[in-house]
Amino acid sequence: MTKDEQNCEIVFATTNNGKIHSMRKWVKKYGIKVSKHRKHSDFEKLIEPQEGPLENIARQKALFFRERISKPLVVQDSGFFIKSLGGFPGHLVKPILSDIGIDGLLKLVGGHNRDCFFRDVLGFWYTLYEKLNKDKRDFLKYYPVEIFIAEVHGVLSSEPSKTKRNEMWSDLWTVFVPEGFDVTLSEMNKSEQDQFAFQTRKKNDSNCFLQFAEWINSRPYYYKSSQFELFNENSV
């Protein structure tokens, strides 16, 4: 199966345009189209799970949106873990930043160890129509939420940078310096961005979007009529 044959559409259930931009960038070459779920009332009904770990949160959100989105969908949750704070704020990074902000987080760290890392979890849910050769009937089969986990390690800068980028989906980009670099994510120029993409983000263990794209590209399915359908050469 070629990538052109696959050409599938995935709905990203998020209000974060930076995440949409980032995912499109990494999955485009695999023939995957990423569209944004635009029904705002669904997000208003969503009660953000607070019980970790991130994998459970992603599963709960995917199951919430499966009742509201008819196409294959993805959700993403991210955590930020600081070594000297025992992994704080972890999966609670969003409410913590809303409460104390980046400056407050830097004050908590103070002069202690500044090692930290992002953990990103992507949850993918879909239905699959399987074709039965014996009687040519289709039936709907529900699959569990597929989980993809990635981590990017680095250190905290002493103060936030003022530069911002289009794909920036968190203010943490202004204080996160990836391993092997001496500037924050938001400060990187084009050359540094390319270097970061080549050295770090092209590794599966640090990019859940890439993990997902390669996983789905290896599945024996093709996209048809807004659903994944099992491809069986004997039934064609």
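Residues numbered from 1 in each chain as written. Predicted model: local features only at pLDDT ≥ 70, side-chain atom pairs only at ≥ 80, totals over all residues. Heavy atoms only, no water.

Turning to the confidence of the model for the protein, a few remarks are in order. Residues of the protein with pLDDT of at least 70 account for 83%, and the chain-wide mean is 82. Element-level pLDDT for the protein is lowest in strand β11 (residues 227–230), with a mean of 43, against a maximum mean of 96 in strand β8 (residues 146–156). Confidence drops under pLDDT 50 across residues 136–140; counting only partners more than four residues distant or on other chains, this segment forms 14 contacts. Predicted confidence for residues 222–236 stays below pLDDT 50, and this span has 46 contacts to residues more than four positions away or in other chains. (pLDDT = per-residue confidence, 0-100. Helix = DSSP H or I, 4+ residues; strand = E, 2+ residues; numbered from the N terminus. Contact = heavy atoms within 4.5 Å.)

Scanning all chains against the criterion turns up twelve aromatic pairs. An angle of 90 degrees between the planes, with centres 5.0 Å apart, marks the rings of F64 and F65 as edge-to-face. A single burial state applies to F64 and to F65, both of which are buried. On the basis of an interplanar angle of 70 degrees and a centroid distance of 5.5 Å, the ring pair of F148 and W215 is categorised as edge-to-face. (Phe/Tyr/Trp six-rings, centres within 6.5 Å; stacked < 30°, edge-to-face > 60°. Buried < 20%, exposed > 50% of the residue type's maximum accessible area, 1.4 Å probe, protein only.)

The side chains of a regular strand alternate, residue by residue, between the two faces of the sheet. With respect to burial, strand β3 (residues 73–82) is a largely interior element, ten of its ten residues being buried. Every second residue of β3 is oriented toward a common face, with L73, V75, D77, G79 and F81 on one face and V74, Q76, S78, F80 and I82 on the other, all of them buried. Pairing of strand β1 (residues 8–12) with β3 involves two bridges; the strand directions are parallel. Residue pairing across strands places F12 opposite V74, the latter belonging to β3. Strand direction decides the pairing type here: β3 and strand β4 (residues 89–90), joined by two bridges, are antiparallel. Note on β4: the bridge partner recorded for F81 is P89. Here β3 folds back onto β4 in antiparallel fashion, the turn holding six residues, of which G86 has a positive phi close to 65 degrees. (Pairing = 2+ DSSP bridges.)

It is worth spelling out the packing of helix α2 (residues 17–27) against helix α7 (residues 208–217) at this point. One can describe the packing of α2 onto α7 by two numbers: an axis separation of 9 Å at closest approach and a directional angle of 45 degrees. For the element pair α2 / α7, the angle class is oblique. In terms of crossing hand, the pair formed by α2 and α7 is right-handed. Each of K19, S22, M23, W26 and V27 in α2 lies in contact with α7, whose residues at this interface are F209, F212 and A213. Across the contact of α2 with α7, the residue classes break down as six nonpolar, one polar and one charged. (Axes fitted to C-alpha atoms, helices over the stretch in contact; angles between N-to-C directions. Parallel < 35°, antiparallel > 145°, perpendicular 65-115°, else oblique. Left-handed = near helix turned anticlockwise from the far one by under 90°. Nonpolar A, V, L, I, M, F, W, Y, C, P; charged D, E, K, R; others polar.)

Moving on: the pattern of salt bridges. Inspection of the entire model under this criterion finds five salt bridges. One salt bridge connects E9 with K71, and the closest N-O pair in it is separated by 3.1 Å. Linking E9 in strand β1 with K71 in the loop between α4 (54–66) and β3, this pair joins segments that are 62 residues apart in sequence. In this structure E9 comes out as buried when scored by relative accessible area, which is 17%. In this structure K71 comes out as partly exposed when scored by relative accessible area, which is 24%. D77 is the salt-bridge partner of K61, the closest N and O atoms lying 3.3 Å from each other. Of this pair, K61 sits in helix α4 while D77 sits in strand β3, and the two are 16 residues apart along the sequence. Summarising the burial analysis for this pair, K61 and D77 share the class buried. (Salt bridge = Lys/Arg side-chain N within 4 Å of Asp/Glu carboxyl O.)

Moving on, we come to the pairing of strand β2 (residues 32–36). Extensive coverage of β2 is indicated by the burial of four of its five residues. Bridge count between β1 and β2: five bridges; the pairing is parallel. Its bridge partner lying in β2, F12 is registered against K36. On the question of chirality, the crossover connecting β1 to the parallel β2 by way of α2 is right-handed. (Right-handed = clockwise from strand over helix to strand, strands pointing away.)

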